[in-house]
Amino acid sequence: MDLRPVFISVLIATTGFAGCDNSTNDRSHALSADKTAAARSKAAAFGNPAYVPAPKLDIPYHKEVLPNGLTVIVHEDHKAPVVSTNIWYKVGSKDEPEGKTGFAHLFEHLMFNGSENHPGEYFEPFQRSGATDMNGTTNNDRTNYFATVPKGALDMALWMESDRMGHFKGAITQDVLDEQRGVVKNEKRQGENAPYGKAFDIIAKSTFPANHPYSWTPIGSMADLDNASLDDVKKWFADHYQPANATLVIAGDVTVDEAMAKVRKYFGDIPSTGAQPRVKRWELPAQVNKREVVYDQVPQTRIYKVWNVPAVDSEEEHALELMASLLANRKNSLLYRRLVRDEKVATSVSAFYYGRQLAGQLFIIVDVKPGQPVDKVERLLNRELRAFAKNGVSTEDLRRVKQGEFAGLVKGLEKTGGFGGKSDILARAEFYYDDPGALLKGIEEYAQVSAPEVQDVAQQWLKADAYTLIIEPQKQYTADSEGADRSQLPEVDKTVELELPQQQAFTLKNGLKVVLAERHDTPVVLMNLQFRSGAAADNSKPGLASVAAQMLSEGAGDLDSLAFSARAEELGVSIGGGSGLDYNTISMSALKSQLAPSLELFAQVVTEPQFPASDLERVKSNRLDRIAQEKAQPRGLALRELPPLLFGASHPYGSPLTGSGTPEGIQSITRNDLVQFQKAWVRPDNATLTIVGDVTEKEVEPLLNDALGDWRAPEAELPNVALAKVARPDKARVYLLDRPGAQQSYIMAGLVMPPWQPQGAEAFDAMANTIAGKFTSRVNMNLREDKHWSYGARAVSLDTEGQRPYILFAPVQTDKTAPAIREIVKEYRDYLDKRPITERELEDYRNDEVLKQSARFQTKGQLLSSINWQVEKGLPEDYIAEYPQRVVALTQAQVAAAAKEFLAPGQFTWVIVGDLDKIKGEVEALDIGPVEVLPSRD
């Protein structure tokens, strides 16, 4: 079982999947200290040099099966006033009948269209109630639905979830089916329109027999989606969406007794008809030996190598996962080191073990560097794999991998909901291992995996297995005679009580300002050194700031890149640079037990980065390849073209919004440029260090002075970034980029906004969210839900120091390009004139914004990000805490005034990427402004 969430969005078109995480077996400690000690003694006795002590983890839970067959798991976590729900149905794409591929995922979409007792959009009551981490996902094996709500909204969430389990069939109509079928087909088009978007459909068909349930992906085929009938939908619901086929996890600020009482009330009266027959194991008897070549619109060659290996819960599972990490995904991994660093024939290498219920697969993916013969790269790859199996596994590397996974595991235990949260962990363990505590039991086994065991797996790959059939008696289920009141939704308790840690400000001996917020729930310390610079300081070398940030992890002090990476793994610390438009950052996430040596490493990055010339050439080369990737993607291409059209090519904000820079800028960067950038900007009088975590001022201040005390500001004056003010165009402008054969058009529209100011900020946000910022915004509901032309349309306003770029994104099917633009313009004009924000829209926005504050500061990273923003804007500490009161006080008149002040659809700058043979004439006929075809910049 994997020790971290694993997300493979390209593999599963609708969602990623997460491997098991940590949990315990009951409300007490299932894996006792005696057992743990015994396991460690066993490891020591066998003399396993690759053994790494597993962290002591505990997720207490209560598990109970209701009389109607519903499995319920409850975990109490009272650190924040939120509760997460996560329900897993034992049905995925592998359960689809012949000719109905994509049906499980289509049904997941249908489940968000309300129920018999609450018709309409399922999201609406949640968005009025401050819900976060809310979604549904489908993979080969299962379908799940999850949300995190303020604890006062738990009754509402359970009422809604149980209503669509027990009272959904009557809400399914032909109109709803047709609507969501259109949405899913647009999602499929969007995925296939991306580079490499068809790869995993081809892999599934080629590595599994046609009758195997994994021979298709959850997104399905267009023809099968069209064939889905209303009767099919209702039968699917009756067969699979019943209590006996589901596991419900509730985690957060609720007691076991409270949670179970609510579950019995809302779910206890829902009957189960009986479990459906299902395949339990179907591993393949032989390896697929096939080579296939497919051509697509991609910027570089990519190699996928796939082996059929044992399924989840096999004896080889841990060794397979460790082998994948040893092969790729890290700077010190074998394939990254050999293919990317040494031979320089690839720009990236990744590997993962994809364990599923019926079978597993091992993937290795290599992006071939442009200009390199693919046959040469394949030969080198195969040679390295043979050597890996023959020569053995490095014990030191194996220990580092384990330590890194354990460090990541400990750091990830803060959230109760969402992908990889504790509710997800418990549900996953129960689903795949029939035991919510499976991961915690497996952690010690993972820690004991030896180098010879990993090598054995590398040598064997796959063993043939036999077919097994097990038949059990049909279980009998009973349902309560009475249940919850279904006539109306339970009221949401709108009380939000936040207890944010007090910020402590102090100054180091060298003048560096420090802001500390203590949070002692997990033994982790997060730091962020933020300094003014960013892409706005690139001047004539677009990409300099981001390359400087990336190069910080390529060695510092006396440690070269690989030695630095090895030392960081040894300490379980993550250190890296980040770059935005106005600021660069150097961040650190460390275990408290290793804080002092981690700070020493952090200080070397701040004061002694090596910027090695050899690594710079590799980074620059890979960055150029990344830019080529961006130009091959409609979104990336539009984000590169729009900024200079909005601000001018010479403006500090005129560089591509992807942050990657320009080819000319990247090629011109020298090591001396990086050294001078570091000297000019990374200085204590231009920075603030923000800290959140398990440490006090008394503990951390002397450590910081020891580590950073010799870091001084230079005598040279701090450079100035001049942000010239630009004017909006008098009339809308339209720029077209040709992508022949594109299945979708990517519409992007930009508008320059004034700089952010605290006065009126809440009214601006309410305006921006209700017109195009939220799922339920007018633009998205029009293009996605009403017209079915797009998988989603949103707008964002970037938070910059100068004028802000406001950008609308709307990928639409090709034949609806011009109509979609017309609808977007109409929505904005109506918002400014005859249909300004309604009281209902504003009330929903106010409720959602206020109530979601319950989950806004759940993790240290969330808290650190908020404090960084507060410090960046020079705001007082109570500004964040008083945000709900400012939102509650908003009026329709204020939001309408903000719309008139800031919005101007007649001054949009449009960038549209699509097949111009099909769209150019209709776009020109709109007559919204002059149309210009931009030249290809390949």
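Residues numbered from 1 in each chain as written. Predicted model: local features only at pLDDT ≥ 70, side-chain atom pairs only at ≥ 80, totals over all residues. Heavy atoms only, no water.

Considering the overall build of the protein chain
Looking only at helices and strands, the protein chain features 34 helices and 23 strands. Taking 30 Å as the expected radius of gyration for a compact globule of 938 residues, we find that the protein chain reaches 28 Å, a close match to that expectation. The principal-axis extents of the C-alpha atoms in the protein chain amount to approximately 80 × 75 × 60 Å. Sorting the 938 residues of the protein chain into buried and exposed places 60% on the buried side. The long-range fraction of contacts in the protein chain, counting pairs at least 24 apart against all pairs at least 6 apart in sequence, stands at 81%. Summing over all exposed atoms, the protein chain offers an accessible surface of approximately 37100 Å²; the carbon and sulfur share of this is 49%. Treating the 106 positive side-chain charges of the protein chain as one cloud and the 128 negative ones as another, the clouds have centres 4 Å apart. (Helix = DSSP H or I, 4+ residues; strand = E, 2+ residues; numbered from the N terminus. Rg over C-alpha atoms; globule rule 2.2 N^0.38 Å. Buried < 20%, exposed > 50% of the residue type's maximum accessible area, 1.4 Å probe, protein only. Contact = heavy atoms within 4.5 Å. Areas by Shrake-Rupley, 256 points an atom, 1.4 Å probe, with all protein chains shown as cover. Lys, Arg positive; Asp, Glu negative; His and termini not counted. Charge placed at Lys NZ, Arg CZ, Asp CG, Glu CD.)

Regarding helix α2 (residues 103-110)
Burial analysis of α2 places eight of its eight residues in the buried class, the great majority of the element. Within α2, burial applies to F103, A104, H105, L106, F107, E108, H109 and L110.

So, the sheet that holds strand β20 (residues 794-797)
Sheets are built from strands that pair by backbone hydrogen bonding, the pairs being arranged parallel or antiparallel. Overall, mixed pairing links the six strands, which are arranged β20-β21-β19-β22-β18-β23 in an open sheet. For this open sheet the edge positions go to β20 and β23 (931-933), each flanked by a neighbour on one side alone. Strand-to-strand twist across the sheet, computed as the mean angle between neighbouring axes with direction ignored, equals 20 degrees. Here strand β19 (residues 744-753) runs beside strand β22 (residues 909-914); their pairing, made up of five bridges, is antiparallel. By the bridge assignment, G750 is partnered in β22 with T909. (Pairing = 2+ DSSP bridges. Axes fitted to C-alpha atoms, helices over the stretch in contact; angles between N-to-C directions.)

Some points on the pattern of salt bridges
What the rule picks out here adds up to 58 salt bridges. Ionic pairing is found between R784 and E785, a salt bridge with its closest N-O pair at 2.7 Å. Owing to a relative accessible area of 10%, R784 belongs among the buried residues under this scheme. On the accessibility criterion, E785 (4% relative accessible area) is buried. Sharing partners across several salt bridges, the network here consists of R330, E396, D397, R400 and E569. (Salt bridge = Lys/Arg side-chain N within 4 Å of Asp/Glu carboxyl O.)

Quick notes on a positive patch on the surface
Positive charge collects at one region of the surface, where K376, R379, R383 and R386 lie side by side. Mapped onto the secondary structure, K376 falls in helix α12 (residues 374-391). On the accessibility criterion, K376 (38% relative accessible area) is partly exposed. (Patch = residues over 30% accessible without salt bridge, like charges linked within 9 Å, V, L, I, M, F, W, Y side chains within 5 Å.)

Examining the side chain of S129
Along the polypeptide, S129 turns up in the loop between α3 (123-127) and β4 (132-138). At a separation of 2.5 Å, a polar atom in the side chain of S129 contacts the main-chain carbonyl oxygen of P125. Leave out the neighbours within four places in its chain, and S129 touches P150, A153, M156, V492, N847, D848 and L851. (Polar contact = N/O pair within 3.5 Å; in protein donor to acceptor, adjacent residues only side chain to side chain.)

Observations concerning the packing of aromatic side chains
Within the structure shown, the criterion is met by 29 aromatic pairs. Each ring, one from F352 and one from F363, has its centre 4.7 Å from the other, and the planes form 10 degrees; the classification is stacked. On the criterion of sequence distance, the pair formed by F352 in strand β8 (residues 346-355) and F363 in strand β9 (residues 360-368) is long-range, its members being 11 residues apart. Note on F352: relative accessible area 13%, which makes it buried. One aromatic cluster in this structure is built from Y89, F107, F112, Y122, F123, F126, Y145, F168, F237, Y241 and F775. Residue placement shows R356 over the ring face of Y214; its charged tip is 4.4 Å from the ring centre. Here the basic side chain of R856 rests over the ring of Y883, its NZ or CZ set 5.8 Å away from the ring centre. (Phe/Tyr/Trp six-rings, centres within 6.5 Å; stacked < 30°, edge-to-face > 60°. Lys NZ or Arg CZ within 6 Å of the ring centre and 35° of its normal.)

Here we look at the pairing of strand β10 (residues 503-507)
Here β10 runs beside strand β11 (residues 513-518); their pairing, made up of five bridges, is antiparallel. Bridging across to β11, Q503 finds its partner in A517. Count of turn residues in the β10/β11 antiparallel hairpin: five residues, of which G511 carries a positive phi of about 95 degrees.

A few points about the environment of Q853
With respect to the secondary-structure elements, Q853 resides in helix α29 (residues 853-856). Q853 sits 286 residues away from R567 along the chain, and the two C-alpha atoms are 38 Å apart. Within the local environment of Q853, its side chain forms a polar contact with the backbone oxygen of E849, the two atoms lying 2.8 Å apart.

A word on the environment of N86
Looking at the element boundaries, N86 is found in strand β3 (residues 82-89). Classification of N86 by relative accessible area gives buried; the value is 0%. Measuring from C-alpha to C-alpha, the distance between N86 and N135 comes to 9.7 Å, with 49 residues separating the pair along the chain. Apart from residues no more than four positions distant in its own chain, N86 is found in contact with N144, Y145, F146, T247, L248, V249, S423 and D424. Within the structure, N86 has its side chain in polar contact with the side chain of W88 (distance 3.0 Å). A distance of 3.5 Å separates a polar atom in the side chain of N86 from a polar atom in the side chain of D424.

Structural notes on the sheet that holds β10
The six strands lie next to each other as β10-β11-β17-β12-β16-β15, forming an open sheet whose pairing is mixed. If you trace the sheet from one side to the other, it starts and ends with β10 and β15 (574-579), each paired once. Direction aside, neighbouring strands of the sheet carry axes that sit 15 degrees apart on average. The pairing of β15 with strand β16 (residues 583-591) spans six bridges and is antiparallel. By the bridge assignment for β16, G578 is matched with T585. Packing of helix α24 (residues 697-708) onto the sheet brings it into contact with β10, β11, β12 (524-532) and β17 (687-693), and relative to β10 it is tilted by some 30 degrees.

With respect to the packing of helix α26 (residues 778-786) against helix α27 (residues 817-832)
Two elements in contact, α26 and α27, have axes whose closest approach is 10 Å; the angle formed by their N-to-C orientations is 150 degrees. Viewed along their axes, α26 and α27 adopt a mutual orientation that is roughly antiparallel. The handedness of the crossing between α26 and α27 is right-handed. Packed against α26, whose contacting residues are R778, V779, N782 and L783, the element α27 presents A820, E823, I824, E827, Y828 and Y831 at the interface. (Parallel < 35°, antiparallel > 145°, perpendicular 65-115°, else oblique. Left-handed = near helix turned anticlockwise from the far one by under 90°.)

Quick look at the confidence of the model for the protein chain
Averaged over the protein chain, the pLDDT score is 87; the fraction of residues at 70 or greater is 93%. Counted against residues more than four places away or in other chains, residues 1-45, with its pLDDT under 50, gives 135 contacts. Confidence over residues 462-473 falls short of pLDDT 50; this stretch has seven contacts with residues more than four positions distant or in other chains. (pLDDT = per-residue confidence, 0-100.)

Here we look at the nonpolar core
Membership of the largest hydrophobic core comes to 77 residues, with the highest contact counts inside it found for M323, I364, V366, F388 and V454. Looking at this core element by element, the count peaks at seven residues for helix α10 (residues 317-327). Apart from the residues lying within four places of it in its own chain, the contact partners of V366 are T301, R302, I303, L339, A346, S348, V349, V377 and L381. (Core = buried A, V, L, I, M, F, W, Y, C linked by side-chain atoms within 4.5 Å.)

Description of the packing of helix α11 (residues 334-342) against helix α20 (residues 613-632)
Closest axis-to-axis distance for the α11/α20 pair is 11 Å, and the angle between their directions is 90 degrees. Judged by the angle between their axes, α11 and α20 are roughly perpendicular. For the pair α11 and α20, contact is made by Y336, V340 and R341 and by D615, R618 and N622, respectively. Here the residues of the contact of α11 with α20 sort into two nonpolar, one polar and three charged. (Nonpolar A, V, L, I, M, F, W, Y, C, P; charged D, E, K, R; others polar.)

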